[in-house]
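These are the residues of each chain, in order.
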Amino acid sequence: MTSIFEEQMLALLPKLRRLARSLARDAADADDLCQQAVERALKARAQWQEGTRLDAWMYRIMRNLWIDETRARTRRAITFVPEEDGVNVGDDGETAAENHVAAGEIDRAMSSLPDEQREVIALVLVEGLAYREAADILDIPIGTLTSRLVRGRQALLRKLEAAA
Amino acid sequence: MTIDEEMLVAYADDELDELTRARVERAVAESPALRVRLELHQNLRTRIAAHYGPVTDEPVPAHLAALLRPEKPEATVIPFPARAKSSRIPAWSGFAAVAASLAVGMVAGQMVLPGNKNVAEHRGILVARGPLADALDEQLASNQAGASIRIGISFRNTAGEFCRTYNTQALSGIACKGELGWQLPVTKSAQTRSAGKTYRQAGSADEWIMTAAAGMMRGEPLDALEEKTAREKHWQ
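Definitions and limits used
- Residues numbered from 1 in each chain as written.
- Chains lettered and ligands numbered in written order.
- Predicted model: local features only at pLDDT ≥ 70, side-chain atom pairs only at ≥ 80, totals over all residues.
- Heavy atoms only, no water.
- Helix = DSSP H or I, 4+ residues; strand = E, 2+ residues; numbered from the N terminus.
- Buried < 20%, exposed > 50% of the residue type's maximum accessible area, 1.4 Å probe, protein only.
- Contact = heavy atoms within 4.5 Å.
- Axes fitted to C-alpha atoms, helices over the stretch in contact; angles between N-to-C directions.
- Left-handed = near helix turned anticlockwise from the far one by under 90°.
- Nonpolar A, V, L, I, M, F, W, Y, C, P; charged D, E, K, R; others polar.
- Pairing = 2+ DSSP bridges.
- Buried area = accessible area lost by both parts, 1.4 Å probe.
- Salt bridge = Lys/Arg side-chain N within 4 Å of Asp/Glu carboxyl O.
- Polar contact = N/O pair within 3.5 Å; in protein donor to acceptor, adjacent residues only side chain to side chain.
- Core = buried A, V, L, I, M, F, W, Y, C linked by side-chain atoms within 4.5 Å.
- Phe/Tyr/Trp six-rings, centres within 6.5 Å; stacked < 30°, edge-to-face > 60°.
- Lys NZ or Arg CZ within 6 Å of the ring centre and 35° of its normal.
- Disulfide = S-S within 2.5 Å.
- Lys, Arg positive; Asp, Glu negative; His and termini not counted.
- Parallel < 35°, antiparallel > 145°, perpendicular 65-115°, else oblique.

Here the focus is the environment of G173 of chain B. All names here are of chain B. Within the element layout of this structure, G173 appears in strand β6 (residues 171-178). Looking at G173, the relative accessible area reads 0%, which means it is buried. Residues G173 and T187 lie 14 residues apart in sequence; the distance between their C-alpha atoms is 4.2 Å. For G173, the contacting residues outside a window of four places in its chain are R164, T165, Y166, V186, T187 and I209.

Turning to the packing of helix α1 (residues 4-23) of chain A against helix α7 (residues 115-126) of chain A, a few remarks are in order. All names here are of chain A. Viewed as axis vectors pointing N to C, α1 and α7 meet at an angle of 145°, and their least axial separation amounts to 9 Å. When you trace α1 past α7, the crossing you get is right-handed. Here α1 contributes R18, L19, S22 and L23 to the contact with α7, which in turn contributes R118, E119, A122, L123 and V126. Tallied by class, residues from the contact of α1 with α7 come to five nonpolar, one polar and three charged.

Residues and elements named next belong to chain B. Judged by how many residues are buried, strand β4 (residues 150-157) sits mostly within the fold: six of eight residues are covered. Across five bridges, β4 lies against strand β5 (residues 162-167) in antiparallel orientation. The partner of R150 across the bridge, within β5, is N167. Here β4 hands over to β5 after four residues, with G160 in that stretch at a positive phi of 90°. With two bridges joining them, β4 and strand β8 (residues 217-218) adopt antiparallel strand pairing. Each residue of the ladder has a partner; that of N157, found in β8, is M217.

Across the boundary between the two partners, chain A contributes 36 residues, which contact 36 residues of chain B. Where chain A abuts chain B, roughly 3,400 Å² becomes buried across the two surfaces, and 69% of that area is made up of carbon and sulfur atoms. Interface area lost by chain A to chain B is led by I106, R153 and L157 of chain A, which between them contribute 19%. Along the contact surface separating chain A from chain B lie four salt bridges. The partner of R17 of chain A in a salt bridge is E58 of chain B, with the nearest N and O atoms 3.2 Å apart. In this assembly, chain A and chain B are joined by 11 residue pairs in polar contact (both at pLDDT 80 or more). Of all the elements in the fold, those that place two or more residues in the side of chain A that touches chain B are α1, α2 (27-43), α6 (105-111), α7 and α9 (142-163) of chain A.

A few words on the nonpolar core. Nonpolar side chains in soluble globular proteins generally cluster together in the buried interior. Membership of the largest hydrophobic core comes to 72 residues, with the highest contact counts inside it found for W57 and M58 of chain A. Beyond its immediate stretch of four places on either side in the chain, W57 of chain A contacts F5, A41, A44, R45, Q47 and W48 of chain A. Residues A128, A135, Y166 and L222 of chain B belong to the second largest nonpolar core, which totals 18 residues.

Here we take up the packing of aromatic side chains. The full count for this structure, using the stated rule, is four aromatic pairs over all chains. Ring centres 6.2 Å apart and planes at 70° place the aromatic pair F5 of chain A and W57 of chain A in the edge-to-face group. Highlighted residues: F5 of chain A in helix α1 and W57 of chain A in helix α3 (residues 54-79), separated in sequence by 52 residues. In terms of burial, F5 of chain A and W57 of chain A fall into one category: buried. When the ring of F162 of chain B is compared with that of W235 of chain B, the centres are 5.7 Å apart and the planes differ by 80°; the resulting orientation is edge-to-face. On the criterion of sequence distance, the pair formed by F162 of chain B in strand β5 and W235 of chain B in the segment after α8 (224-232) is long-range, its members being 73 residues apart. The residues F162 of chain B and W235 of chain B share a single accessibility class, namely buried. Across the ring face of Y11 of chain B, the terminal group of R21 of chain B is positioned such that the distance to the ring centre comes to 4.2 Å. The ring of F162 of chain B is capped by R156 of chain B, whose NZ or CZ atom sits 4.1 Å from the centre of that ring.

Residues and elements named next belong to chain B. In total, this model carries one disulfide over all chains according to the counting rule given. Put simply, C163 and C176 are joined by a disulfide, and their sulfur atoms are 2.1 Å apart. Every disulfide takes its handedness from the sign of the S-S torsion; for C163 and C176 that torsion is 105°, giving right-handed. Residue C163 is found in strand β5, and its partner C176 is found in strand β6; the two are separated by 13 residues along the sequence. Under the relative-accessibility criterion, C163 is labelled buried at 0%.

This part covers the side chain of D107 of chain A. Residue placement: D107 of chain A occurs in helix α6. Put simply, D107 of chain A is tucked away with no salt bridge, and the nearest opposite charge, on R21 of chain A, sits 7.1 Å away.

Turning our attention to the pattern of salt bridges. Summed over all chains, the structure comprises 27 salt bridges over all chains. In this structure, the salt-bridge partner of R153 of chain A is D13 of chain B, at a minimum N-O distance of 2.6 Å. Residue R153 of chain A is located in helix α9, and its partner D13 of chain B is located in the loop between α1 (5-12) and α2 (18-30); the two belong to separate chains. For D13 of chain B, a relative accessible area of 7% gives the class buried.

Quick look at the packing of α1 of chain A against α2 of chain A now. Residue and element names in this part refer to chain A. Packing of α1 against α2 brings their axes to within 9 Å, and their N-to-C directions diverge by 150°. What the angle tells us is that α1 and α2 run roughly antiparallel. Crossing handedness for the pair α1 and α2: right-handed. Here F5, E6, M9, L13, L16, R17, A20 and R21 of α1 come into contact with α2, specifically with A27, A30, D31, L33, C34, V38, A41 and L42. Per-class residue counts for the contact of α1 with α2 are 12 nonpolar, no polar and four charged.

Have a look at this one:
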């Protein structure tokens with residue numbers, strides 16, 4: 001028998017994968033992020049209270065993991081090689097080609113956003129959360145959320161217009 | 001009063017109270033520049049939602065699901081989460097009757113459909129014509145026995161326009177009643193059809209369109225009575 005927790009988590013996986021895809025660099029990184037989030041949630045399941053929103057709790061876990069990973073990657077990149085030079089190390093040609101095809105202009109525009117704008121766009125435009133819900137997940141005042149959202153939207157419009 | 005970008009964005013995201021909405025609508029009605037800006041933000045929302053939405057259609061990788069189902073590690077397919085809105089969505093087997101292999105999602109007039117009797121391109125925007133336009137005008141989701149074009153749900157988008165999900169043999173998507181008639185902001189093309197009289201179920205097309213619809217929708221889908229009233233008012 002699976003518990004309510006596992007059942008709800010299973011039902012949530014498609015949405016978690018969608019959020020991860022809008023945060024991470026590519027599909028492989030996104031599923032890694034998803035896996036880490038599920039593993040962390042299983043460890044911390046005692047902290048989730050039945051009857052409260054599992055999705056908001058999971059979004060928060062995933063977002064925090066993503067921020068940790070992004071910061072660690074930035075540190076590594078600064079210490080060793082510029083990120084552009086490092087990105088495709090270890091890829092075989094096929095993977096690189098797939099990534100290239102998969103990276104549409106929206107993916108490129110999203111990944112060019114500063115993290116603080118990207119996470120806001122991901123929660124509001126991709127996951128469809130209300131401003132209040134997104135601000136709670138990110139632990140920021142709603143005014144901060146709306147100003148990041150406006151700047152993120154403006155940046156996306158500029159990039160997509162430039163790409164069109 | 002002046003309408004700043006933040007207010008336009010909040011309008012597009014359906015975050016304003018009724019009074020402020022009305023103010024924005026008045027200002028937009030008087031200013032073509034504001035209207036263009038608002039449409040950019042509305043289209044951006046639709047486009048982003050439609051781009052990432054299909055991820056929820058993909059089968060969840062087995063190793064992910066297995067983390068939550070240790071006793072059945074082979075399981076790869078999981079049910080989609082029940083939608084809060086599903087009680088208002090009619091059981092429209094027709095919409096699931098899309099062709100099996102769906103290719104090429106697209107948004108806002110980037111696809112050309114030569115010779116398609118249902119779709120035309122107008123100033124760079126895809127619009128419905130012919131049988132599809134007729135079905136969108138007339139057909140009620142509650143009464144479409146024998147119709148070859150199926151209508152799914154009807155709803156208002158964040159711009160206040162009426163929108164309806166549809167599928168024809170070759171296409172499924174969302175149509176919204178705008179200045180040019182039934183504009184087609186979200187379209188999915190069926191590349192191949194199953195042979196024979198019956199279509200194979202292509203539930204992923206439903207889910208894809210429904211995700212896009214959820215991103216565009218203000219409030220709930222129309223119920224049967226509201227749908228009928230909207231038709232009588234010509235979806236204005």
